[in-house]
Amino acid sequence: MAPRREVAESCLEFLYIELVQSYERKDAECAEKGDGRASRAALESIGFQVGQQLAERYTIDRARFADHLEVIKFICKEFWSEIFRKQVDHLKTNRHRALFVLQDDRFRWLRHLSLPAEQTSNTEAVAKYLVFPCGLIKGALSSFGVNCEVTAEISEDARKPTQCSFEVRIK
Amino acid sequence: MIVCAAVVGPSYNPLHLQTFALDDDPLKYHYIVHCALDVIDERLSPPSPRSRGAGGNDPCLGYLYSTEDFKVYGYVSNTHVKFLLVLDDPETKDVRELFHRFHSAYIDAVSNPFQLPGHSITSRSFEARLRALASS
Amino acid sequence: MRPPELKNWLRGIYTPVVQVIPTTDAEAICLKNGLTFAETLRPFCNLRNLNVPIRTAGEHAYRLQDFKIRILNAKNIEQHAVEVAEEQLTQIVSQAAEVATDEGWSKEKQIGELLNMRRDPTPWFTKYQSEFLNALTFSDHEAFDHPVACLLVVPSTDPDPVKTFLDLYSTHNVPTLIREGIADPQLLKHYVLLHDMQSDVTLERAEQVFIEMKSTLGAGSCQLVAINSRKEPEGDSEHVRPDLWGDLCDPAWQRAAHLSHLGIDSPEELRMGKNGAQLTEDDLVTLDSLVKDFTIKVMLPYMENRVVSLNQQVTDTRKGLKNQLKSFWGYRKEKPKSGPEGQDALAGGGHYAYNSPESQLRILADLAFLLRDYELALSHYRLLAADYKADKAWKRFAGVQEAMGLTLFMTDGARREMEICFDSAFQSYSRCASPNGVGQSPVDMGMARYSTRSMLFLSSIFRSHGMFRDATLPLMRASYQESPLRAALLLEQSAYCYLHSQPQLLRKFGFHMVLAGQRYNSCHQRWHAIRAYTTVLGVYCSKGWAYIEEHLHFALGRQVSFIGDLAGSVQYLVKLLGACSHQPAALQATYLREFLYVMQCLSEQGRPGGDMDPAAAAAAAAAGAAAVAAALPAEDLPLPEVNLERIHVHFHDHRSYASPSAVQVGEEVWSQVEAPVVPVAQAGPTWMDGNKATKEVTNTCVAGEEIGVDVELCNRLQVQIEVSQVRLLCAHEGRAEGEPISDYVEVQEEAISLKPGESSLLRLRLRPLREGVLRIQAVQWVLCSVAPGCKRFRQDPPEGARPGDRATPPHKRLVFTVVPPLPRVEAKLEGLPSVMFEGEIHRCILELSNVARPALQNIKLSTTSPGLLCGHCPQELKGAPPGCLEVGAQEEVPPESCGSLERAVVRDPYTGEIVPAAPTSVPFDSVFVFPPGTVLEGEAQLRWPVWIRSGAAGLLALNLVVYYEPQGACPGPIKYRVLRMGAQIQVNPSVRAEAQLSPCRGDLQRHLLNVHLQSLHPSQQFRVRQLSCLRSTRQELWQLAPLSSPDTLELAPGEQKPTPPGGACGVPLTPSSQSRLLFHLTKGREGAAAGASGAASSLHLEPAGSGRGGAEDADEEAAAAMVDMDHWAVVQFLRRAKAQHLADQAAKQRSNSLTRRPSIQAAGPSQEERADREQVELVLVWEVGADGSAGVASPGGERALSVAGPARMGVHFMHSNSLNAEAPLRCVLEGPSPHRCAAACWEARAPTLRLRARGL
């Protein structure tokens, strides 16, 4: 197998930020046409495809998953650390296993976002940077045969600006 | 040697089928591969218990079945993509290693942004890599 | 079958054989019933609820509840020849096919349908199987079928029955098995005295005979049977007995063999009445009791004894330690190797006589098997197997193994062992068959059949245990080495095994079914092949396995067409065309050919060969077409693909176009051009329809005018296809029933051939003939002149479009409101040059022709391009430019015949009053109204002059709209029409001329005019012809006079050189050279100078050599040759040019005001005072000389040039600077080119100095 090729993380972050920005701009244009939320879908679908591809790549030669919980665990551990260099901090699941909450206290892709001073609540501004990761997770899960909805939440308190949690609701 | 290599999607739709035999009438191999899916189904169901290690969850299924003059080997990735190799020589070499290369070739192929997920793969480089695989 | 049933079935197969040897007379008696004696007894061979105790070798007895025997004629106790048997078997399959066709078997089955298929999908197989086993009976290596007993039948009429009985059993009458010494000749003999009640011999007589024969032959082995005791005439219908014999009778050929052996000729005339017509119930009872008694009282005991004795014998020779040791050491007495070595040796078994210990052993074992003492049988089989193995008598060994396998099954023995038995049986049978293969020689075939039999047993045993997976393997193994037909059957069986196995293996089922189909195909069992393929369509289709689908469809298409169901085959073949783009071209070609061929046949169905009268031919053709349509709806033909997105409709409503290039010009441009003439209220008929009650938006077209629809056809195949009779299918609303559509619409047909992968745009045309609503519904075509195709257009607006109007753009709309015929003008500009020089004036002819019948009136022209000017009156066509522009060329014409040039005045064609035209940005009078009362009749023409003056160098676009209205009241929404003409002209640079005035030193009345000329064209030579000075804004007229001093200098690019005297007048401009002309400009002095006229004072510039100061001398002809500045066209052009010039200046001012330096700002005056400052307007007239090749020519030559040919002439408009003192300074500021600036500065010094002096 060819040696792993790597890329500077800064490049990735710049690219990512620019991606979100550009789609936001596109939204602004589309806004008067009425479909203002197009970018959300676009970003998610991009994430979805990337997630699928990465899922394929990261599970090569790995024993097949037996059930959903294993898949989620894989996402929390290997998948997360492949992409974000760390594991998910907390994994909450409810009783009948249809709902998983992946909480990351220092979400890597939010590290370098700093809010303008006058802005108190970061949720609005940051939310759009979590659309792509949602698609990422969703794509990976779906390629493992787990159909689900993924939504993200940002912690309200300003002390932990980079804390966020992803809610995976398995259909 | 390997006479045919095939990739079959999660919904049992053929994604790629390539033959290396001289008299390549692909039709025959389509039939053979299609048949092999039955065996794969059998192997995969019932969902094996959550046993770690190289238990029932080993992606490499190994030997599936044999026709008059071929042996068919199988490999199922975590994403339910099925890889099949049709060999025509009786002695079985290390298919695991073959499948590993096969799978990574596939991964690179589907990482191509122009490759629509779920559509058949028509990438030249992918075919070239499989040819290399077959000739090795 | 569950195991018990299977066992029963096997018991039914393996039954002791009883041979019948009747005398000819005896058989004759029986034949009264149309039956042989053996057949007569058959119905009673199946004995039930007997409960007979049997005691064989074992101590304990066991009871037989039911038993069955086979009663056969001696002749038929032999194996049929392989070929015959195979023939029989093939018959069964073929018949099955014919039966099966009645039920809808050949339709595609869905998978679910397959899974819960209740009834046996292959009913014929059971029949085939039993027939197959039957054909393998009486083999020489098994003793199952060796006759056990023998019934000797003699009629009571026989003179000496006893003797006959004794003679009867002779070698002549025994079956071949016995004659060849394979079977044991010493059988149980049973003597039957047959008495015919209808014979003249009385029953008493018969009984006497019977008694004496009992005394001699032994009471136990004799029996008297009386039959044919029916008295009343046969054939009366009161008692109807079900035919007991039905299928128990021998096949005709066997019976024939038997009878001919007896010397009775062919049985046809003997078969009278139904079977057993002469037999009464009591006869049947007697027959029944005969069989029963014989079996129970005689045969079974005999068999018992036989077993016991044989067993004893074997025990002596083989059992016990001593014998086992013997056999262990392999020491056995030499077998009598008698008999022919040939075939048997080849068959891999030595020839064993019946009395050889092995044969004895085999007989014993088989008897035990028949008596169902399986333990005993098994033990002996074991012994036997060892022996045969030692002898390498493979065939016999195999037989024993097979028997062992069966026995093990019967005793529910170890399954594994049983499997091994059948396995080795299979192998050793195959070993006998010659290694190189499958049934070439009958022997191999025979062997193959045996091995197949063993595998059949095995698989049916597995199946009985519900182990379908395992059942498939033996079938497959057998199929590999079998003849195609049997292989097909076996494969099919294994396929069904896969289907029933748990978990279901659908795909394997499919695969094996397809294999079976192929085998069936190869042995021409078409029905079966088709059935096999259709069964699995559901497994493969629409799952993305293109290759497989394709294979199935092609095979099916072929087969179905072979059996004559062309329509069905088309269904399959057409599927190929849609989905074979991934295949090589050759294959695609094959598919296409096949498809077309079948279509061809279909269309020719029911057409008798040879020639017929046209009516019949037409009828046949129609029938064929109908058949084709029924088989393949035109919509389903996937070739060629029609791209609905690329549809484009071309039609004329109130707008029409003069040329394709005009279509390219944007609608907004046109609307701007039209604005002055088109009533604002009427933006177009489509808009008006939009206001109507009906929501449907339609295009409007005019009856009798052509509609064109561009349709893109593309050919996905890699094969060239011919598409012919491509036409639009349309419906005309308001068409009465019965009337042909051709009365309403006239449709043109196109033909095209598409290269591989080509897609081309085709313009389909139709012409509505009557008003109404016309709908273009579809495009029709015929593929390769065989297969009709059709593609419907989308009528409703596509998704996402807002409901109501404007949903589909007009050029995609396919619904038309046809309005009654209107006039339609086609126009062209005659003599329109493609290339012009900057400032050139050209006249060409606008030819309007009304191509429709109705007359038209109220013609207007509108244009936005300043270079275009419409002539006043046709008289302007006289003479050629520039002559017609010269003084005096313009003649007087009555004003009523003149058109008028006016600003937009729009007359509403509905009400007729003036409506305000749309505001235009056009700075000049852009509308030309033809003289009132100009009417263009139908198919009439009108020629009208048009003046063109090219503006700045570059591309000159002329957009012209011809507006006209139909004469008289016209119904329908269209009140007027416009014709849009567009043309583009390349304009090359010609001459740049700038004029500067400077006060003349010494004379305040005179001014120095300095005209600076520059030839901008690289190769073309120009000649400056005339300079005119227009009447100034203050109505002052300046006089021009050439400057008679050597201060004309020509500045060729680079150096300066003085021009020869008089050069000021003769002014050739060699390519890309510059020159300067100097004139005196004098105020006042009306009419004194030459060339003075109303609007301007002109000066004709004579070439050099015609005398100096030529103006005065050459007065008359100069005046004649002068271009008339009063010519209205010139005036118009000049006016426009002036407007242009002012606009440019204004623009330049605006741009300069941004960048102007403050100091100069101070010096120069502001905009508004400049406006009224006086300027001199000059017009320079030049001619195009010879082309660049004649660069510098002699004066004479130029003269020649000036007269030669239709000269092309241009007019330049110049503004001089005005006469104020600081003019030069402004000139500096305004000068666009640095060179001019320099010159201007040099000129300007003196006045500024003088000014300063004045200031002092």
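Conventions used here
Residues numbered from 1 in each chain as written. Chains lettered and ligands numbered in written order. Predicted model: local features only at pLDDT ≥ 70, side-chain atom pairs only at ≥ 80, totals over all residues. Heavy atoms only, no water. Helix = DSSP H or I, 4+ residues; strand = E, 2+ residues; numbered from the N terminus. Contact = heavy atoms within 4.5 Å. Areas by Shrake-Rupley, 256 points an atom, 1.4 Å probe, with all protein chains shown as cover. Pairing = 2+ DSSP bridges. Axes fitted to C-alpha atoms, helices over the stretch in contact; angles between N-to-C directions. Domains from an automatic or database assignment. Buried area = accessible area lost by both parts, 1.4 Å probe. Salt bridge = Lys/Arg side-chain N within 4 Å of Asp/Glu carboxyl O. Polar contact = N/O pair within 3.5 Å; in protein donor to acceptor, adjacent residues only side chain to side chain. Core = buried A, V, L, I, M, F, W, Y, C linked by side-chain atoms within 4.5 Å. Buried < 20%, exposed > 50% of the residue type's maximum accessible area, 1.4 Å probe, protein only. Expected span 1.5 Å × (residues − 1).

### Examining the overall build of chain C
For chain C, the helix and strand inventory stands at 37 helices and 44 strands. For chain C, contacts bridging at least 24 residues in sequence account for 78% of all contacts bridging at least 6. For chain C, the exposed area adds up to about 54200 Å²; of that, 56% sits on carbon and sulfur atoms.

### As for the sheet that holds strand β6 (residues 70–73) of chain C
Residue and element names in this part refer to chain C. The five strands are arranged β6-β1-β7-β8-β9 in an open sheet whose pairing can be described as parallel. Only two strands of the sheet have a single neighbouring strand rather than two, namely β6 and β9 (222–227). Here the average twist between neighbouring strands, direction ignored, is 30°.

### Details of the domain arrangement of chain C
Taken domain by domain, chain C holds domain 1 (13–79 + 147–232 + 248–307), domain 2 (319–471), domain 3 (633–651 + 705–797 + 807–821), domain 4 (825–887 + 901–979), domain 5 (991–1044 + 1057–1145 + 1172–1193 + 1201–1222) and domain 6 (1226–1256). Taking the mean C-alpha position of each, domain 1 of chain C and domain 3 of chain C sit 84 Å from one another.

### Here we look at the interface of chain A and chain B
Each partner contributes residues to the interface: chain A has 20 residues there, and chain B has 29 residues. Contact between chain A and chain B buries roughly 2200 Å² in total, counting both sides, with carbon and sulfur atoms accounting for 47%. Sorting the residues of chain A by area buried against chain B places E56, R57 and R64 of chain A first, and these three jointly supply 36% of that buried surface. Summed over the shared surface of chain A and chain B, the result is one salt bridge. Among the salt bridges present, the one from R57 of chain A reaches D108 of chain B, with a minimum N-O distance of 3.0 Å. Along the contact surface separating chain A from chain B lie eleven residue pairs in polar contact (both at pLDDT 80 or more).

### Remarks on the nonpolar core
A general trend in soluble globular proteins is that nonpolar side chains are found buried together. With 165 residues, the main nonpolar core has L84 of chain B together with F37 and F509 of chain C as its most contacted residues. When residues of this core are sorted by domain, at least three fall in each of domain 1 (13–79 + 147–232 + 248–307) and domain 2 (319–471) of chain C. L576, L596, Y744 and L764 of chain C belong to the second largest nonpolar core, which has 57 residues in total.

### Some points on the pairing of β6 of chain C
Residues and elements named next belong to chain C. By the alternation rule, side chains of β6 split into R70 and L72 and I71 and N73, which are all buried. Relative to β6, strand β1 (residues 17–22) runs parallel, the two sharing four bridges. Paired with V17 across the two strands is R70, which belongs to β6.

### Looking at the pattern of salt bridges
With the rule as written, the count across this model stands at 54 salt bridges over all chains. The closest approach of N and O atoms between E42 of chain B and R469 of chain C, which form a salt bridge, is 2.6 Å. Residue E42 of chain B is found in helix α1 (residues 26–44), and its partner R469 of chain C is found in helix α19 (residues 468–480); the two belong to separate chains. Residue classification places R469 of chain C among the partly exposed positions, given a relative accessible area of 31%. Where E419 of chain C meets R416 of chain C, a salt bridge forms, and the shortest distance between an N and an O atom there is 3.5 Å.

### A short note on helix α16 (residues 394–410) of chain C
All names here are of chain C. Taking 1.5 Å of rise per residue, the 17 residues of α16 would be expected to cover 24 Å, and the 24 Å separating its terminal C-alpha atoms lies within 8% of that figure. Most of α16 sits inside the fold, with 17 of its 17 residues counted as buried. Trailing α16 by a residue or two, D412 shows a phi angle of about 50°, which is positive.

### Describing the interface of chain C and chain B
On the side of chain B, 18 residues touch chain C, which itself brings 19 residues to the contact. For the pair chain C and chain B, the summed buried area comes to about 1800 Å², and 68% of that belongs to carbon and sulfur atoms. Considering only the side of chain C, the residues that lose the most area to chain B are R507, W545 and Y547 of chain C, jointly responsible for 44% of the buried surface there. Summed over the shared surface of chain C and chain B, the result is three salt bridges.

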